[in-house]
Amino acid sequence: MSALLEVSGVSKSFDGFKAINNLSFAIAERELRAIIGPNGAGKTTFMDIVTGKTRPDSGEVRWGENSRSLLRMSEAQIARAGIGRKFQRPTVFEDQSVEANLIMALKAPRGPFAVLRWRPSAGSRARVQDLAAEVGLAGQIRRKAGELSHGQKQWLEIGMLLAQEPRLLLVDEPAAGMTLAEREQTTTLLKRLAETRAVVVVEHDMEFVRRLNCKVTVLHQGSLLAEGSLDHVSANPDVIEVYLGR
Amino acid sequence: MRRIVFCLLLLIAGPASAQDLGAVLEVSRDQIAKPSRQTIGPVIDEIAASGAGAVTFLEAWGDRRLGLTAEGRFAIVDGEATIDAVTGARITEEVDLLRPNSGVRGLIAAALVPAQLADPDPVRRQAALDALGRDATPGHLPALRQALQDPDPGLAARKARLERLLTIRFDPDPAARVTAIDSFDGDDGTDVQAALSPLLATSRVAAASLPETANIAARLSPGSDDLSPDAAYRLLVDAGLARARLTEADQKSALAAHIEGDQVAGVPVADLADPAARDRAYAALAQAGTLAPAATAEEVEAALKAHVFADIYAEASPEVTDAARAALNDMAFRKRVQQGADLTLDALSLASIYFLAAIGLAITFGVMGVINMAHGEFIMMGAYTGYVVQTLVPGKTVSLIVALPAAFAVTFLAGVVLYLLVIRHLAKRPLETLLATFGVSIALQQMAKNIFGTQARPLTAPDWLGGAISWGEVVSISTIRVAILVLALLFLGLFLFITRRTRLGLNMRAVTQNPGMAASMGINPDRVAMMTFGLGSGIAGIAGVAIGLFAKVTSELGSDYIVQSFMTVVVGGVGNIWGTLAGAALIGGLQKGIEVLNPANTLAAQTWMILFIIVFIQFRPRGIFPTRGRFVEG
Amino acid sequence: MLIRKYPSVLIFLGILAAFTIAVTLMSQAYGTGAIPTSMVKTLGKTLCLALAALAMDLVWGYAGILSLGHMAFFALGGYMIGMWLMYARTGEIVAATLANAPIPPTPMELQQGITSQIFGVVGSSDLPLTWAFAGSLPMQLLLVLAVPGLFALVFGWLAFRSRVNGVYLSILTQAMTLALALWLFQNDSGFRGNNGLSGLQNIPGLGHVPQATLSVWFLWASALALGLAYLLASWLVAGKFGSVIRAIRDDEARVRFLGYSVEGYKLVIFTLTAMICAIAGALYYPQAGIINPAELAPIASIYLAVWVAIGGRGRLYGAVIGAVFVSLLSSWFTGGRAPDLNLGPFSVQWVNWWQVLLGLAFVCVTLFAPRGLSSVIDAITGLRHPNRRGQDLGPDLGALREQEAEA
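Values in this document were obtained by computation on a predicted structure and should not be read as measured data.

Cut-offs and rules
- Residues numbered from 1 in each chain as written.
- Chains lettered and ligands numbered in written order.
- Predicted model: local features only at pLDDT ≥ 70, side-chain atom pairs only at ≥ 80, totals over all residues.
- Heavy atoms only, no water.
- Helix = DSSP H or I, 4+ residues; strand = E, 2+ residues; numbered from the N terminus.
- Rg over C-alpha atoms; globule rule 2.2 N^0.38 Å.
- Buried < 20%, exposed > 50% of the residue type's maximum accessible area, 1.4 Å probe, protein only.
- Contact = heavy atoms within 4.5 Å.
- Areas by Shrake-Rupley, 256 points an atom, 1.4 Å probe, with all protein chains shown as cover.
- Lys, Arg positive; Asp, Glu negative; His and termini not counted.
- Charge placed at Lys NZ, Arg CZ, Asp CG, Glu CD.
- Pairing = 2+ DSSP bridges.
- Right-handed = clockwise from strand over helix to strand, strands pointing away.
- Patch = residues over 30% accessible without salt bridge, like charges linked within 9 Å, V, L, I, M, F, W, Y side chains within 5 Å.
- Salt bridge = Lys/Arg side-chain N within 4 Å of Asp/Glu carboxyl O.
- Buried area = accessible area lost by both parts, 1.4 Å probe.
- Polar contact = N/O pair within 3.5 Å; in protein donor to acceptor, adjacent residues only side chain to side chain.
- Nonpolar A, V, L, I, M, F, W, Y, C, P; charged D, E, K, R; others polar.
- Phe/Tyr/Trp six-rings, centres within 6.5 Å; stacked < 30°, edge-to-face > 60°.
- Domains from an automatic or database assignment.

**Let's talk about the overall build of chain A**
- When helices and strands are counted, chain A shows 10 helices and 10 strands.
- Taken over C-alpha atoms, the radius of gyration comes to 19 Å for chain A, in line with the 18 Å a tight globule of 246 residues would show.
- When the backbone C-alpha atoms are referred to their principal axes, chain A occupies close to 55 × 40 × 40 Å.
- Each of the 246 residues in chain A was classed as buried or not, and the buried ones make up 56%.
- Sequence separation of 24 or more characterises 67% of the internal contacts of chain A that already satisfy a separation of 6 or more.
- As presented, chain A carries roughly 10,800 Å² of accessible surface, and 49% of it is formed by carbon and sulfur atoms.
- If you average the places of the 33 positive and of the 29 negative side-chain charges in chain A, the two averages end up 6 Å apart.

In structure tokens, the structure reads:
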């Protein structure tokens, strides 16, 4: 099984603080993976490095069949290569309609001149309708995203990620601030997404991770602490020490 | 004894065939009566060589005490008495005093030098040395060498120096001259320069071949940077080696003079807009013999090929010119080093002004992320406050001492008011703040114009700040600029003290780093921001007084400095006083540095400096000392 | 399609056409003469300023880049057309003078005559390399677009590539403007130093046409340019491209994660608006008659931002309203035609106090009416701003404020 994303020996420090320390990580296609770890374990920095927002001090990040290095690519190029990212706080374009948000996210040429020539087609309209329906915003398509409720914005952002059709989806704490029913819904969605693409969920809610029922990677102080099924890592004495205190 | 020495000296200095004074005067009476600087030289030399009475005669002539009687006898007027110049007999008749001009008197003084050099009176010896320094002839060198001994050590040293200088100029032996040149190593005196420079004088020559003996400075080929083909050909024409060329203007006027009907030599006038047609017409006229044929392009080329061109030293000895060139190069190098030092001072002073102007801006930008476009107007307000205080308080020193805190107070208040009325309501909207403060800026500028008028107001520095401090001839800095440098350093210290040692500084740093956390620790961010803004504005006011001391106080004073202040902050990096300092040093130094490369053009210096900054931002987008950390990414 | 979606475009074009026709009918050349030629010129120039403001609104109001350098492109456009106007016009004069000589002049002599006429004032007798195409109208027209366009492209590439944004970018554009102005101020840069280019109101080849007629022609050209640019701008912002640039304004990091190259979009909009400004400048300066480096002063570009802000940022008609309103009001006040305001012992002469009023009014607009004059139109059409409890519409510095948005 060849890896879709392979991170090897990556380190990054900010003003002497080692956020990521010689971290290696790999994920295969159509895999669901949870990354857990206490605050400051380097989860967000890890996502920043993969998406190109932060350049690591050392190490290598490789992507896809040809093992292209992501380190020399910009955020936009990485996104176009097929890595989508869902932020912790919902970030949608609040001044624009749900439809415009989704159209922007639709998989299509991204260059300025290609976008200038772009016209809505029957296909694109149908796709936007489908996506809106899938995330429960079919009735709100003309509304401005800024008027949506917090939960609806979360869903709109997920809809935009779906529209992007990424091969790897990085999801940052999806369960934060959600009701129980919404969590249930989110779990189902993530599991379904993982059937067609790789999904990495960063979370520190153990209950939520248990529900995902997938392989778990535990980070601590920027390094890999343990990896395996949730039951396996929960039994690891190091993990217990980190989570329960010494 | 004295007379004997004079005679001896005069014998050495003067020409070999010495004549009796009376005879000399007899022959040259008319020339002495109406001397001209160009022709009188030999006569003076003859007189000087004529022995007894010559010195007295020359001194009287130079002092305008020499006269002519009606029958043509020379008479010397000495106080009440008048005596015959040759015989020494008393004269009672009317004497017509001669009035030699200053040029002639200079020659006379030079002729007297040898005698005066040995005069027992040190004042006279000194005067003789001065005269010799100004105007020496080859003959003076042996005279001076004879008189090198001097009881006064100062004069002895001067004589020795002058002897070496004259050796450079007049000694027949090249080796001695080279030794003398080398002996001045490290000496930048203007007298040395004056002795050396003429040795390197060249003349440009064109000839079929250069003489073997010529001391060639440089061979030139026509068409090189030093010698254009046109200039080379002109040399040939001037030397009579080639025929003059026809200029376009000459051709045109020649053709115009030969218009017959609507044709010139068979070529229609209307066609003459074409240069080729003009050439045809001229050639036809030349063939007909109406006009002199002109040198053709081929002729010119052949002539240029057939001749050599060179710059030739007037000085024959290559050793001497080489030594002189080396010495002058060394001198020029040392001068450049001094200019470099002077430039560093200039740059330092400019940097301190930018630092003063920018520090307030850096505080507000660093702590609050706010660009205050009215900052320049706060500088202006400070300067006008200084002006108003000076009109109210007598005494320049006292008024300056009052003006500094007054300017701080006025602009501090203005800053606080601006904060409370505008900036507080635009929190987290720096672009809108920029525009709103621009609105304030144009309003303030116009108000200043309405109140104080458009003409510049004086803000005079006290006398003790009026002078300049200088080292050597080149390096100097005006006292005001030193004071501003000191003021800038004081503010650096004050700022460091405030941020590191006071409550406000602690609060400021807390609010900068994490406003939310600071607020939850009981710090009122609003109040801290207000104080910070006031502080930054107050410093702008003081900078205004400082700038007003050397620049004109007008309503545009602030806007002259505002862009440079922005640059300083941007280049230095936000939120770091050392960054501001480095930014100011960089910008000040750069501006002065570029001015040196193109001294006539300060505008170009500023243009290049800004371009440099734009490129600099490419490589250090966050300035020299960027604020770092996880939370400022992006 | 566009007009169906945005009826305001049609309304705008209608008003512009009505205005142009009305001015034509009242001009001295084609109508009653109720409007003097100088006023026609002022109105024509105002349309050009509105065109520049439209470009500024695209770059700032829509893409969130507060450029303080767009008036530099405006002036560059003016310089490019001014070179041809001055060269060709001087050529006509020199040819007329030399025609009296017994021998007709060679092309070389003609050029020397022109050069000494134009550059004698800065003590130069050579034609600078930059004037190589000055004799050719098509080339200079091309340069009107190419020079500011290339300039904006290079500067924008440098600035956006290194992710300079927010206040830094504004200061950098201001520095660029200042550098350009200082360069043009030099005598040896080949643009006649602080003398600038003059006599631009005389159009070569049209010496027989009176200024009254020319002024109307330029009014038409300015109105046409404004109308076309308005259509272009509406088309740009209405589609997906507009969507993307507005998204960049509000949250550019998010746009990057969607796979759009933010720098590329910024560069396109920066360069395009620079070229629109250049066209505006090329139409403005033949009406103004003279251009000099003072026109590039950084303050001019800030005024451009002020017009857009007063008119209402992020809506195209706002920019036009702002530019027209402020520049006409400004010329009314500074022209000495406004009556003095008597405040008992103190009388306010507007020539002196207008700038103060403008500055303070602008502060008030920024503070209390971020939508500026567009608020009036919003009130008429019943548009409200959303209630977001003071939240901006995005995390970026250029993002719309609550009161600027439409609900």
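**Details of the pairing of strand E8 (residues 198-202) of chain A**
Residues and elements named next belong to chain A.
- For E8, the buried fraction is high: five of the five residues fall into the buried class.
- Burial of E8 is two-sided: the residues Ala198, Val200 and Val202 facing one way and the residues Val199 and Val201 facing the other way are all buried.
- Where strand E3 (residues 32-36) lies against E8, four bridges are found, and the strand directions are parallel. By the bridge assignment for E8, leucine 32 is matched with valine 199.
- Pairing of strand E7 (residues 168-172) with E8, which is carried by five bridges, proceeds in the parallel orientation. By the bridge assignment for E8, leucine 168 is matched with alanine 198.
- Crossover E7 to E8 through helix H7 (residues 180-193) is right-handed.

**A closer look at a nonpolar patch on the surface**
All names here are of chain B.
- A cluster of nonpolar side chains, contributed by Val417, Leu420 and Leu421, occupies part of the molecular surface with about 250 Å² of accessible area.
- With respect to the helices, strands and loops of the structure, valine 417 is situated in helix H18 (residues 396-421).
- The class for valine 417 is partly exposed, based on a relative accessible area of 43%.

**A word on the interface of chain B and chain C**
- Counting residues at the interface gives 49 residues for chain B and 58 residues for chain C.
- Summed over both sides, the interface between chain B and chain C buries roughly 4,800 Å², with carbon and sulfur atoms accounting for 74% of that surface.
- One can count five salt bridges joining chain B with chain C.
- With a shortest N-O distance of 3.8 Å, glutamate 432 of chain B and arginine 313 of chain C are connected by a salt bridge.
- In this structure, the connection of chain B to chain C is made through eight residue pairs in polar contact (both at pLDDT 80 or more).
- For the side of chain B that touches chain C, the secondary structure elements donating two or more residues are helix H13 (248-257), helix H14 (275-287), helix H19 (430-452), helix H24 (557-572) and helix H26 (602-619) of chain B.
- Partitioned by chemical class, the residues of the side of chain B that touches chain C number 35 nonpolar, eight polar and six charged.

**Let's talk about the packing of aromatic side chains**
Residue and element names in this part refer to chain C.
- All told, the structure shown has 28 aromatic pairs over all chains when counted by the stated rule.
- On the numbers, 5.6 Å between centres and 90° between planes, the contact of phenylalanine 160 with phenylalanine 270 is edge-to-face. Of this pair, phenylalanine 160 sits in helix H6 (residues 137-161) while phenylalanine 270 sits in helix H10 (residues 262-288), placing them 110 residues apart in sequence. Pair check on accessibility: phenylalanine 160 and phenylalanine 270 agree, each one buried.
- Feature note: the residues Phe73, Phe151, Phe155, Phe160 and Phe270 constitute an aromatic cluster, connected by ring pairs.

**Brief notes about the domain arrangement of chain A**
All names here are of chain A.
- Segmentation of chain A into domains returns domain 1 (1-82 + 166-246) and domain 2 (92-165).
- The centre of domain 1, based on its C-alpha atoms, is set 26 Å off from the matching centre of domain 2.
- Residue-level contacts link 14 residues of domain 1 with 10 residues of domain 2.
- A buried area of about 950 Å², summed over both sides, lies between domain 1 and domain 2, and 66% of it is on carbon and sulfur atoms.
- Taken as a group, Arg80, Pro166 and Leu189 account for 38% of the area that domain 1 buries against domain 2, more than any other trio of residues on that side.
- There are one salt bridge connecting domain 1 and domain 2.
- Arginine 192 is the partner of glutamate 134 in a salt bridge, and the nearest nitrogen-oxygen pair spans 2.3 Å.
- Across the contact surface, domain 1 and domain 2 share one residue pair in polar contact (both at pLDDT 80 or more).
- Counting only elements with at least two residues in the side of domain 1 that touches domain 2, the list comes to helix H2 (75-81) and H7.
- Per element, the largest residue contribution to the side of domain 1 that touches domain 2 is six residues, and it comes from H7.

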